[in-house]
Amino acid sequence: MSKEGGPLSPHLTIYRWPITMILSILHRATGLALSFGLLVFAIWLGAAVLDSVVHDKVKVVLGSTIGQLFIFGWCLSFFFHLSNGIRHLIWDAGYMFEKRQANVSSWFVLVMTVFLTFSYWFLVKAG
Amino acid sequence: MKLTARFLKSVKSALSPTGTQHWIEQRLSGLLSIAFGIWFLFVAPGFSGYSHEDLLLWIGKPQHALPLVIGVLTITWHSWLGVQVVIEDYVHDKQMRHLSLRISWLSHEILGTFIVVMILSTAFGVVW
């Protein structure tokens, strides 16, 4: 707070983040996470083709609790990046630009992300 | 049809300067990645039950190898475009920015090439 208790200029640390801004940051963060996932996919596939012993070790790592946690994270990232990506495509086509629409679609993307991730995870684990 | 017309209009404008070109490529690679991503969600759960040999047999089938190659190339391209934007936005020092972009480009090139070679060699029965 300023001494006089007057208004402050918006600054990242005190500014109440609009939901649209959080989603924009998440889109980049999940995109980077998925790029990292592509690297792990390459290691998994490369090991399968080049060396079965290494591949078995990669499988053990991916099957461990930490490995599963990472895979869950990639699922979450994928479904978020997918849902929000579609939202971007809708914007690109020139629709849903109003502030209220942008806020509502933000929440819709978040709900879809959680719903799709947990449904997928449940379906896969249930066989 | 309105959507298609808008889309074609933006594709036309992509023929000029680089910024628009990037924009279009990011959307096109994104759209293709959606298709591949959803396909991969359906096939991936099966892998955990596969033995090493089962997996190679699966990858080697043309109906799997072809979408895999196209999907990996598309996603690698989409990843390169996305990382490029992040670097351009957050790395302010010009030399560092250029270096980061070069490293990212090289990494994506190696990554994409490596995966495609792995898939194709399996499909054509190359033993390493």
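Values in this document were obtained by computation on a predicted structure and should not be read as measured data. (Residues numbered from 1 in each chain as written. Chains lettered and ligands numbered in written order. Predicted model: local features only at pLDDT ≥ 70, side-chain atom pairs only at ≥ 80, totals over all residues.)

**Q** When you look at the interface of chain A and chain B in this model, what are you seeing that I'm missing?
**A** Quoted interface sizes are often the accessible area lost when the parts come together. Residue-level contacts link 23 residues of chain A with 24 residues of chain B. Elements supplying a minimum of two residues to the side of chain A that touches chain B: helix H1 (19-50), helix H2 (52-63), helix H3 (65-92) and helix H4 (99-125) of chain A. Looking at the side of chain A that touches chain B element by element, the count peaks at 12 residues for H1(A). Here the residues of the side of chain A that touches chain B are counted per class, giving 14 nonpolar, 7 polar and 2 charged. (Contact = placed C-beta atoms within 7 Å. Helix = DSSP H or I, 4+ residues; strand = E, 2+ residues; numbered from the N terminus. Nonpolar A, V, L, I, M, F, W, Y, C, P; charged D, E, K, R; others polar.)

**Q** Explain unusual backbone geometry to me, please; I cannot follow it from the model alone.
**A** Across the chain, the bulk of peptide bonds are trans and the bulk of non-glycine residues have phi less than zero. Residues and elements named next belong to chain A. The backbone phi angle of Met-96 is positive, close to 65°, even though this residue is not glycine. Mapped onto the secondary structure, Met-96 falls in the loop between H3 and H4. For Met-96, a count of 13 C-beta atoms within 10 Å corresponds to the partly exposed category. (Buried ≥ 20, exposed ≤ 12 C-beta atoms within 10 Å, placed from the backbone.)

**Q** Is there a simple way to explain H1(A) in this structure?
**A** Given 3.6 residues to a turn, an α-helix orients residues that are three or four positions apart in the same direction. Between its terminal C-alpha atoms H1(A) stretches 46 Å, which fits the 46 Å expected from 32 residues at 1.5 Å a residue. Along H1(A), the positions that sit buried rather than exposed are A:Leu23, A:Thr30, A:Gly31, A:Leu34, A:Ser35, A:Gly37, A:Leu45, A:Ala48 and A:Val49. For H1(A), the elements touching its buried residues are H2, H3 and H4 of chain A together with helix H3 (52-60), helix H4 (62-90) and helix H5 (94-123) of chain B. (Expected span 1.5 Å × (residues − 1).)

**Q** Help me out: how do you make sense of the packing of H1(A) against H2(A) in this one?
**A** Two quantities define a packed helix pair, namely the angle between the axes and the distance from one axis to the other. Residue and element names in this part refer to chain A. For the pair H1 and H2, interaxial distance at closest approach is 6 Å and the crossing angle is 145°. In terms of crossing hand, the pair formed by H1 and H2 is left-handed. The residues of H2 that touch H1, namely those facing Ile-43, Trp-44, Ala-47 and Ala-48, are Val-54, His-55 and Val-58. Classifying every residue of the contact of H1 with H2 by side-chain character gives 6 nonpolar, 1 polar and no charged. (Axes fitted to C-alpha atoms, helices over the stretch in contact; angles between N-to-C directions. Left-handed = near helix turned anticlockwise from the far one by under 90°.)

**Q** Sorry, what's going on with the packing of H1(A) against H4(B) here?
**A** Where H1(A) contacts H4(B), the axes come no closer than 10 Å and their chain directions differ by 135°. The orientation of H1(A) with respect to H4(B), classified from their angle, is oblique. Relative to H4(B), H1(A) is oriented so that their crossing is left-handed. Between H1(A) and H4(B), the residues in contact are A:Arg28, A:Gly31, A:Leu32, A:Ser35 and A:Leu38 and B:Ile75, B:Thr76, B:Ser79, B:Gly82, B:Val83 and B:Val86, respectively. Residues that form the contact of H1(A) with H4(B) fall into these classes: 5 nonpolar, 5 polar and 1 charged. (Parallel < 35°, antiparallel > 145°, perpendicular 65-115°, else oblique.)

**Q** What am I meant to see in the nonpolar core here?
**A** For soluble globular proteins, nonpolar side chains are generally found buried alongside one another. If you look at the biggest cluster of nonpolar residues, it comprises 12 residues: A:Leu45, A:Ala48, A:Val49, B:Leu55, B:Ile59, B:Leu68, B:Val72, B:Ile75, B:Leu111, B:Ile115, B:Met118 and B:Ile119. Broken down by secondary-structure element, the contributors of at least two residues to this core are H1 of chain A together with H3, H4 and H5 of chain B. For this core, the element with the highest residue contribution is H5(B), accounting for 4 residues. Excluding residues within four positions of it along the chain, A:Val49 makes contact with B:Leu56, B:Met118, B:Ser121, B:Thr122 and B:Trp128. By size, the runner-up hydrophobic cluster in this structure holds 6 residues, among which are A:Leu34, A:Phe78, A:Phe80 and A:Leu82. (Core = buried A, V, L, I, M, F, W, Y, C linked by C-beta atoms within 7 Å.)

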